Amino acid sequence: MSPITPTDVTRVSTGYHAEPGRSYSLRTEAYTDEQWAATLGTNLTGAFLTARESVRRMLAQGSGTLLFTASTNGLRGHPNYADYNATKAGVLLLMRTIA
């Protein structure tokens, strides 16, 4: 096993959406459980796992910076983007909680 290298800066940035590449999205009632879980798993759980591992390393070394990238969707939701809106709001609150 190789030694763990220092983590000075981690950028936490995810951007998955259940209907990528389309100019429209899904109405709330049209989401499948799988689509909802995929977006939350990638955007919110992925951000949490990345941040958690980075914080562990940064605390052990005594310094470090987390840089989160979210979206205006997390501040004000846009119609038919329930999955994406919810995850971006969650990332903003995750960031504030860690800070």
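For the structure itself, consult the block above.
Everything numeric in this text was worked out from a predicted model, so none of it was measured.

Colleague: Which residues make up the pattern of salt bridges, and what values do they have?
Modeller: Per the stated rule, a full pass over the model turns up 3 salt bridges. A salt bridge links Glu53 to Arg57, with the nearest nitrogen and oxygen atoms 3.3 Å apart. Taken as a pair, Glu53 and Arg57 lie in helix α1 (residues 33–61) at a separation of 4 residues, close to a single helical turn. Its relative accessible area of 32% is what places Glu53 among the partly exposed residues. Owing to a relative accessible area of 29%, Arg57 belongs among the partly exposed residues under this scheme.

Colleague: I'd like a description of unusual backbone geometry, backed by residues and values.
Modeller: For Asn80, which is not a glycine, the phi torsion comes out positive at approximately 65 degrees. With respect to the helices, strands and loops of the structure, Asn80 is situated in the loop between β2 (65–69) and α2 (82–98). On the basis of relative accessibility, which here comes to 35%, the residue Asn80 falls in the partly exposed class.

Colleague: Run through the pairing of strand β1 (residues 9–13), naming residues and quoting values.
Modeller: A one-sided burial pattern is seen for β1, the buried positions being Thr10 and Val12 and the unburied ones Val9, Arg11 and Ser13. Direction of pairing for β1 relative to β2: parallel, over a ladder of 5 bridges. Each bridged residue has a counterpart across the sheet, and for Ser13 the counterpart in β2 is Thr69.

Colleague: Residues and numbers for the packing of α1 against α2, please.
Modeller: Following both chains from N to C, one finds α1 and α2 inclined at 15 degrees, their axes separated by 8 Å at the closest point. One finds that α1 runs roughly parallel with respect to α2. Remark: the crossing between α1 and α2 carries right-handed chirality. Facing Trp36, Thr39, Leu40, Asn43, Leu44, Ala47, Phe48, Ala51 and Val55 of α1, the residues of α2 in contact are Ala82, Asp83, Tyr84, Ala86, Thr87, Lys88, Gly90, Val91, Leu94 and Ile98. Each residue belonging to the contact of α1 with α2 can be placed in one class, and the counts come to 13 nonpolar, 4 polar and 2 charged.

The rules behind these values
- Residues numbered from 1 in each chain as written.
- Predicted model: local features only at pLDDT ≥ 70, side-chain atom pairs only at ≥ 80, totals over all residues.
- Heavy atoms only, no water.
- Salt bridge = Lys/Arg side-chain N within 4 Å of Asp/Glu carboxyl O.
- Helix = DSSP H or I, 4+ residues; strand = E, 2+ residues; numbered from the N terminus.
- Buried < 20%, exposed > 50% of the residue type's maximum accessible area, 1.4 Å probe, protein only.
- Pairing = 2+ DSSP bridges.
- Axes fitted to C-alpha atoms, helices over the stretch in contact; angles between N-to-C directions.
- Parallel < 35°, antiparallel > 145°, perpendicular 65-115°, else oblique.
- Left-handed = near helix turned anticlockwise from the far one by under 90°.
- Contact = heavy atoms within 4.5 Å.
- Nonpolar A, V, L, I, M, F, W, Y, C, P; charged D, E, K, R; others polar.

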